[in-house]
Amino acid sequence: MTKSQIADVVIVGAGTAGSYTGWKLAQAGYSVIIVERNRRGMLGRDIGIFHMDEIRFAQYGVPVPKGTELVGYYPEGWAWPPDGNNAKKVRYAFYVMELPLFINRMQKYAEDAGARIMFETGAEAPVIHHNAVSGVRVLSGGRRTEIRARIVIDASGTDSAVRTGLPWSMGMETDPIKPGEFLYVILQYWDDIPAKETGEFPTGLNFYPFHKAFINPSYGTGAIVGIGQPGSLKEAERVQGEFLAERFPGVQHKLLRKTWGRTPYRRPPLSLVTDGLMVVGDAAFLTKPFSGEGVTSGFEACSIAAETASAALMKGDTGKRALWPLNVRYFRGQ
């Protein structure tokens, strides 16, 4: 064990939730260390492209994307019924972005504000003192280190690395998410689609609620043919095949690549806080089950968590009661 480090806040995970929270707390003047088990630039590569509603950028104080991060901007889309072609136009704008570049931007905001991100550093266990979380034990370059902090924030994704390492005596649910409690998302990247020229294949943003399927813009003139289904990857593949056979049988295309990911599909823990600890993002299963969308659900909790943590640090009290406003504001708002 090497010499321990000290910060006001240590955040486990440098994805969208962890980087955003670290950015806001560093902006508020607190010393922030973010630990991330992956190498810089690796997060988000398994998905590639993602979509985020326009109104959320101003809501959470995030500048809109530019340059290579921006794939496209679409002010409206179409919602399709399961039994015909009488689609309804939805005037609700989305940005289409490169997820790895978006995460890189969030990390840069955090670092520019003063947060320190330790890449290739895995969280092994919470440090607990007098039945309160007081830091995390990490492994980096073969060396184990304790990072002590007044508040620990678990933003480690579905692994919930800190939350699942707590003793039950701390009053927080510690069970890991089960394989059947995910929404499995499959993305097929298509190109060379002649049916787009004849109007037999949709352009722009398209959502098919009956199948939880979507067809959205990709790079150039291509399309992302996606689906989200709970239960298993096999079930998602079955429903996607059924959807394509029903709606677009025999459509010619070039399959550029096929990726998949998963997002929590269960209720969040009954409390997102305990003494010295807050849990946000996928680590707390913060998604909208209707759409599987998790980034802005995470930002909603993270913005509240940053304000709550700042107030608690200012008062010098980081116990459960001081952190409890995260529960009240997030769950009532959602």
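Below: a short report on this structure. (Residues numbered from 1 in each chain as written. Predicted model: local features only at pLDDT ≥ 70, side-chain atom pairs only at ≥ 80, totals over all residues. Heavy atoms only, no water.)

**A few points about the overall build of the protein chain**
- Secondary structure assignment for the protein chain yields 8 helices and 18 strands.
- In terms of C-alpha radius of gyration, the protein chain reaches 21 Å, essentially the compact-globule figure of 20 Å for 334 residues.
- The dimensions of the protein chain, computed from C-alpha atoms along their principal axes, are 65 × 40 × 40 Å.
- Approximately 15200 Å² of the protein chain is accessible, and the part contributed by carbon and sulfur atoms is 53%.
- Of the side-chain charges in the protein chain, 38 are positive and 33 negative, and the distance between the mean point of each set is 5 Å. (Helix = DSSP H or I, 4+ residues; strand = E, 2+ residues; numbered from the N terminus. Rg over C-alpha atoms; globule rule 2.2 N^0.38 Å. Areas by Shrake-Rupley, 256 points an atom, 1.4 Å probe, with all protein chains shown as cover. Lys, Arg positive; Asp, Glu negative; His and termini not counted. Charge placed at Lys NZ, Arg CZ, Asp CG, Glu CD.)

**Observations regarding the sheet that holds strand β3 (residues 49-53)**
- A sheet is described by the order of its strands in space; here 3 strands give the open sequence β3-β7-β4, paired in antiparallel fashion. Each edge of the open sheet is held by one strand with a lone partner, namely β3 and β4 (70-74). For this sheet, the mean inter-axis angle between neighbouring strands, taken without regard to orientation, is 20 degrees.
- Pairing of β4 with strand β7 (residues 94-98) involves 4 bridges; the strand directions are antiparallel. Each bridged residue has a counterpart across the sheet, and for Y74 the counterpart in β7 is F94. (Pairing = 2+ DSSP bridges. Axes fitted to C-alpha atoms, helices over the stretch in contact; angles between N-to-C directions.)

**Examining the packing of helix α1 (residues 16-27) against helix α3 (residues 99-112)**
- The N-to-C vectors of α1 and α3 enclose an angle of 25 degrees; their axes lie 8 Å apart at closest approach. Looking at the two axes, α1 sits roughly parallel to α3. In the packing of α1 onto α3, the handedness of the crossing is left-handed. On α3, the residues touching T16, S19, G22, W23 and A26 of α1 are L99, F102, I103, M106, Q107, Y109 and A110.
- For the contact of α1 with α3, the per-class residue count stands at 8 nonpolar, 4 polar and no charged. (Parallel < 35°, antiparallel > 145°, perpendicular 65-115°, else oblique. Left-handed = near helix turned anticlockwise from the far one by under 90°. Contact = heavy atoms within 4.5 Å. Nonpolar A, V, L, I, M, F, W, Y, C, P; charged D, E, K, R; others polar.)

**Points about the nonpolar core**
- If you look at the biggest cluster of nonpolar residues, it comprises 77 residues, and the most contacted ones within it are V62, F102, I151, M278 and L326.
- Residue contributions to this core peak at 9 residues, all from helix α6 (residues 295-315).
- Leave out the neighbours within four places in its chain, and M278 touches I151, V152, I153, D154, L272, V273, A305, T308, A309, L323 and L326.
- In terms of nonpolar packing, the next biggest core, distinct from the first, is built from 22 residues, I177, F182, A223 and A236 among them. (Core = buried A, V, L, I, M, F, W, Y, C linked by side-chain atoms within 4.5 Å. Buried < 20%, exposed > 50% of the residue type's maximum accessible area, 1.4 Å probe, protein only.)

**Here's the deal with the sheet that holds strand β15 (residues 223-230)**
- In spatial order, the strands read β6-β5-β13-β14-β15-β12-β16; together these 7 strands make up an open sheet with mixed pairing. This sheet does not close on itself; its edge strands, each paired only once, are β6 (88-90) and β16 (254-264). Across the sheet, the axes of successive neighbouring strands diverge by a mean angle of 20 degrees, strand direction being ignored.
- Across 8 bridges, the pairing between strand β12 (residues 182-191) and β15 is antiparallel. Residue pairing in the sheet places I186 in a bridge with I227 of β15.

**Overview of unusual backbone geometry**
- A positive phi is found at E120, a non-glycine position, where the angle reads about 55 degrees.
- By secondary structure assignment, the location of E120 is in the loop between β8 (116-118) and β9 (121-129).
- Backbone geometry at D192 places phi at a positive 50 degrees, although glycine is not the residue there.
- As for its placement among the helices and strands, D192 is situated in the loop between β12 and α4 (194-198).

**Re the pairing of strand β11 (residues 143-154)**
- Judged from the 7 bridges that link them, strand β1 (residues 5-12) and β11 form a sheet pairing that is parallel. From the neighbouring strand, Q5 faces β11, where its bridge partner is I147.
- Sheet topology places strand β10 (residues 132-140) next to β11; 6 bridges connect them, and they run antiparallel. Paired with V136 across the two strands is I147, which belongs to β11.
- What sits between the antiparallel neighbours β10 and β11 is a turn of 2 residues, in which G141 has the positive phi angle 60 degrees.

**Describing the side chain of Q107**
- Looking at the element boundaries, Q107 is found in helix α3.
- Residue classification places Q107 among the buried positions, given a relative accessible area of 2%.
- The residues touching Q107, leaving out its near neighbours within four places in the chain, are A14, S19, L43, I117 and F119.

**A closer look at the packing of α6 against helix α8 (residues 325-333)**
- It is the contact of α6 with α8, at a shortest axis distance of 9 Å, that shows an interaxial angle of 150 degrees. Where α6 crosses over α8, the two elements pack in a sense that is right-handed. In this structure, α6 uses S297, E300, A301, I304, A305, E307 and T308 to contact α8, whose residues at the interface are P325, L326, R329 and Y330.
- Of the residues contributing to the contact of α6 with α8, the split by class is 6 nonpolar, 2 polar and 3 charged.

**Some details on the packing of aromatic side chains**
- In total, this model carries 19 aromatic pairs according to the counting rule given.
- An angle of 55 degrees between the planes, with centres 5.3 Å apart, marks the rings of F50 and F102 as tilted. In this pair, F50 is assigned in strand β3 and F102 in helix α3, connecting sequence segments 52 residues apart. The two residues F50 and F102 agree in class, both being buried.
- The ring of W23 has K24 lying over it, and the distance from NZ or CZ to the ring centre is 3.9 Å.
- Over the aromatic face of Y189 sits the side chain of R257, whose NZ or CZ is 4.3 Å from the ring centroid. (Phe/Tyr/Trp six-rings, centres within 6.5 Å; stacked < 30°, edge-to-face > 60°. Lys NZ or Arg CZ within 6 Å of the ring centre and 35° of its normal.)

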